[in-house]
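Residue-level structure breakdown
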Amino acid sequence: MDRILKGIMKYRKCHREGMVKQFQQVKDHPEPKAVFFTCMDSRMIPTRFTETNVGDMFVVRNPGNVVPHSQHFVDEFTMCESAALELGCVVNDIRHVIVCGHSDCKAMNLLYALRDEEFASQTNRRMSPLRAWLCAHASSSLAKFQHLEVAGFREPILFQAETPLRKFVAYIDPEDKFAIEDKLSQINTLQQLQNIASYGFLKKRLERHDLHIHALWFDIYTGDIYYFSRANKRFVEINETTEPLLLKEIKKYYS
């Protein structure tokens, strides 16, 4: 708390005035352009690495940047992620949803360990809300990972895109640059696109191409950010060379 209070005092002295000006600019009419799902990891600061400001994005954070599939949604059990999708994409007419995973994700490291049946047992899940959360909502990511692991990570994975008839193919870390848990993290990030598309209240917008879903992946050790390119069937580093090509692809796929 000492660190936080000192930080607030620094904010009051150095940044408050500028932020208030931004608040006044957007005031009662903010126009956010994206709903951004990412992990609650303390090393992930999405507004900093996307250089976004007040009013630019809705940011939703949880362990593992997971968006539960609509099959888990019932009237008596509403989760904040689905509510955030409705608030952002229906109430506020936001047209882009982004899921951003990252390297050395503690939630994904735990999900990798949950391959052990005893560790993932119902008894152990009852003692750990985090284990229960991952077993309930990230098991599909783990299943895809295990299938790919058997194939030695050489085969592609097929994901559903915006509609059941639209698919995309993904090669996961074909250059074998990342740790095994990071491969799982990338699969999990792409799985969330499929989960988002499962919600009925988004169906018409997705079919009409009024709503677009994207995947980013952040390497916390290098600061590099990757965009999943459907044209390249893989995560592509965003840099001075690839940025114009990715923009061209995005306009082609999402215009």
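None of the values given here were measured: they were computed from a predicted structure.

Topic: the pairing of strand β1 (residues 34-39)
Taken across its six residues, β1 has six buried, putting it largely inside the fold. In the sheet, β1 pairs with strand β2 (residues 57-62) via six bridges, with the strands oriented parallel. Each bridged residue has a counterpart across the sheet, and for Ala34 the counterpart in β2 is Met57. Sheet topology note: the β1/strand β3 (residues 96-102) ladder contains four bridges and is parallel. Residue pairing in the sheet places Phe37 in a bridge with Val99 of β3.

As for the UniProt feature "binding site: Zn(2+)" (unreviewed entry) in the chain
The UniProt record annotates "binding site: Zn(2+)" (unreviewed entry) at Cys39, Asp41, His102 and Cys105. Taken together, the annotated residues stretch across 67 residues yet fold into one region, lying no more than 9.1 Å apart by C-alpha. Inspection of the secondary structure puts Cys39 in strand β1. If you trace the backbone, His102 turns up in strand β3. Judged by relative accessible area, which is 0%, His102 ranks as buried.

Observations regarding the packing of aromatic side chains
According to the stated counting rule, one finds eleven aromatic pairs in the structure shown. Residues Phe49 and Phe218 carry aromatic rings whose centres are separated by 4.5 Å and whose planes lie at 20° to one another, so their mutual orientation is stacked. In this pair, Phe49 sits in helix α3 (residues 46-49) while Phe218 sits in strand β6 (residues 212-218), placing the two residues 169 residues apart along the sequence. For the pair Phe49 and Phe218, a shared accessibility class is recorded, and that class is buried. Between the aromatic rings of Phe145 and Phe153, the centroid separation amounts to 5.7 Å while the plane-to-plane angle is 55°, which identifies the pairing as tilted. Both residues of the pair, Phe145 and Phe153, count as buried.

Reading the values: the criteria
- Residues numbered from 1 in each chain as written.
- Predicted model: local features only at pLDDT ≥ 70, side-chain atom pairs only at ≥ 80, totals over all residues.
- Heavy atoms only, no water.
- Buried < 20%, exposed > 50% of the residue type's maximum accessible area, 1.4 Å probe, protein only.
- Helix = DSSP H or I, 4+ residues; strand = E, 2+ residues; numbered from the N terminus.
- Pairing = 2+ DSSP bridges.
- UniProt positions renumbered as here; feature names shortened; annotations may be inferred.
- Phe/Tyr/Trp six-rings, centres within 6.5 Å; stacked < 30°, edge-to-face > 60°.

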